[in-house]
Amino acid sequence: MKDVKRIVLAGFMGSGKSTVGALLAAELGWAFADLDHAIEARTGETISQTFATRGEAYFREVESAALGDLLEREQTVIALGGGAPEIAANRNALAADEATRVVVLEAPFTELYERCIAQSLQAGTAVRPVLANKDEAEARFYRRAPHYRAIAHEVLETASLDPTTTVAHVIERLGLAKR
Ligand SMILES: Nc1ncnc2c1ncn2[C@@H]1O[C@H](COP(=O)(O)OP(=O)(O)O)[C@@H](O)[C@H]1O
Ligand SMILES: O=C(O)C1=C[C@@H](OP(=O)(O)O)[C@@H](O)[C@H](O)C1
Ligand SMILES: [Mg+2]
């Protein structure tokens, strides 16, 4: 696995992509890039604002462009947004280079939903727009599952793990040495 150039974390909202990604990058001595932050840098507004003012289709266009940019980077851990793998072009971009390794973080929907609600309450931030309607969010969870599986090199169940332990599992699964 010494030819790994970038590690992409995928999975539903709340699976820990952003949290685990930052910790993993620090552990490896790699750069960290969060796709959601790259989108916000492009639009100059928050994701909630973009959904509200421009709609999801526009958000997905910006997301695809930002993902293309991030996939040029090396020695970088990339946290996707949960919806990126819904788009076929994004799945193709993720599969285009063997040096891109995709790890999918999983947990049951109820746990993911609760993690996200707790996070927004704690941080005082808006609930993710795609979680506004719980039933619709759960339908998306099941609709996305095959797309996550299609892009995964590794799948990690995180329900019984904390973020630090998840990092250790990712490193072990990918056969990567710490710096
Ligand atoms: N393995 C885990 N166990 C418990 N809570 C977690 C775990 N991973 C992440 N969290 C928490 O869930 C929330 C959402 O994590 P985040 O990294 O933003 O997820 P994502 O980027 O996949 O949407 C955060 O409050 C984070 O601390
Ligand atoms: O699943 C989704 O459609 C989304 C997930 C979010 O990222 P996280 O998965 O990091 O929460 C963010 O991209 C946006 O709110 C849409
Ligand atoms: Mg995130």
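Quick caveat, the model's predicted, so the values are computed rather than measured.

Reading guide: rules and limits
- Residues numbered from 1 in each chain as written.
- Chains lettered and ligands numbered in written order.
- Predicted model: local features only at pLDDT ≥ 70, side-chain atom pairs only at ≥ 80, totals over all residues.
- Helix = DSSP H or I, 4+ residues; strand = E, 2+ residues; numbered from the N terminus.
- Buried ≥ 20, exposed ≤ 12 C-beta atoms within 10 Å, placed from the backbone.
- Contact = placed C-beta atoms within 7 Å.
- Near = placed C-beta within 6 Å.
- Nonpolar A, V, L, I, M, F, W, Y, C, P; charged D, E, K, R; others polar.
- UniProt positions renumbered as here; feature names shortened; annotations may be inferred.

Colleague: I tried to follow the overall build of the chain on my own but got confused; where do I start?
Modeller: Regarding its fold elements, the chain presents eight helices and five strands. Written out in order from the N terminus, the α and β elements of the chain read β-α-β-α-α-α-β-α-β-α-α-β-α. Counting only C-alpha atoms and orienting by the principal axes, one finds that the chain spans roughly 45 × 35 × 30 Å. Of all 179 residues assigned to the chain, the portion counted as buried reaches 35%. Sequence-distant contacts in the chain: of pairs separated by 6 or more residues, those separated by 24 or more amount to 76%.

Colleague: Whenever I open this one, the site of ligand 2 confuses me. Can you help?
Modeller: Taken together, Met13, Lys17, Ser18, Asp36, Ile47, Gly81, Gly82, Gly83, Arg128, Pro129 and Val130 form the complete shell of residues around ligand 2. A breakdown of the residues in the shell around ligand 2 according to their chemical character gives four nonpolar, four polar and three charged.

Colleague: Would you mind showing me how to read the site of ligand 1 here?
Modeller: Residues in contact with ligand 1 amount to 18 residues; listed here are only the nearest, Gly16, Lys17, Ser18, Thr19 and Gln119. If you list the elements that add at least two residues to the shell around ligand 1, you get helix H1 (17-28), helix H6 (109-123) and helix H8 (163-174). Its residues assigned to classes, the shell around ligand 1 shows five nonpolar, ten polar and three charged.

Colleague: What am I meant to see in the UniProt feature "binding site: substrate" (unreviewed entry) in the chain here?
Modeller: Sites flagged by UniProt as "binding site: substrate" (unreviewed entry) map to Asp36, Arg60, Gly82 and Arg144. Examined against the element boundaries, Arg60 turns out to sit in helix H4 (residues 56-70). Judged by the 18 C-beta atoms lying within 10 Å of it, Arg60 is partly exposed. The exposure class of Arg144 is partly exposed, given the 17 C-beta atoms found within 10 Å. Beyond its immediate stretch of four places on either side in the chain, Arg144 contacts Phe12, Pro85 and Glu86.

Colleague: Can you help me understand the environment of Val62 in this one?
Modeller: Residue position: Val62 is located in helix H4. Apart from residues no more than four positions distant in its own chain, Val62 is found in contact with Ile39, Arg42 and Thr43.

Colleague: What exactly am I supposed to notice about the UniProt feature "binding site: ATP" (unreviewed entry) in the chain here?
Modeller: As recorded in UniProt, the sites labelled "binding site: ATP" (unreviewed entry) are Gly14, Ser15, Gly16, Lys17, Ser18, Thr19 and Arg128. Residue placement: Ser15 occurs in the loop between strand S1 (6-10) and H1. For Ser15, a count of 27 C-beta atoms within 10 Å translates into the label buried. Relative to the elements of secondary structure, Gly16 occurs in the loop between S1 and H1. Beyond its immediate chain neighbours, meaning those up to four positions away, Gly16 contacts Leu105, Thr158, Pro163 and Thr166.

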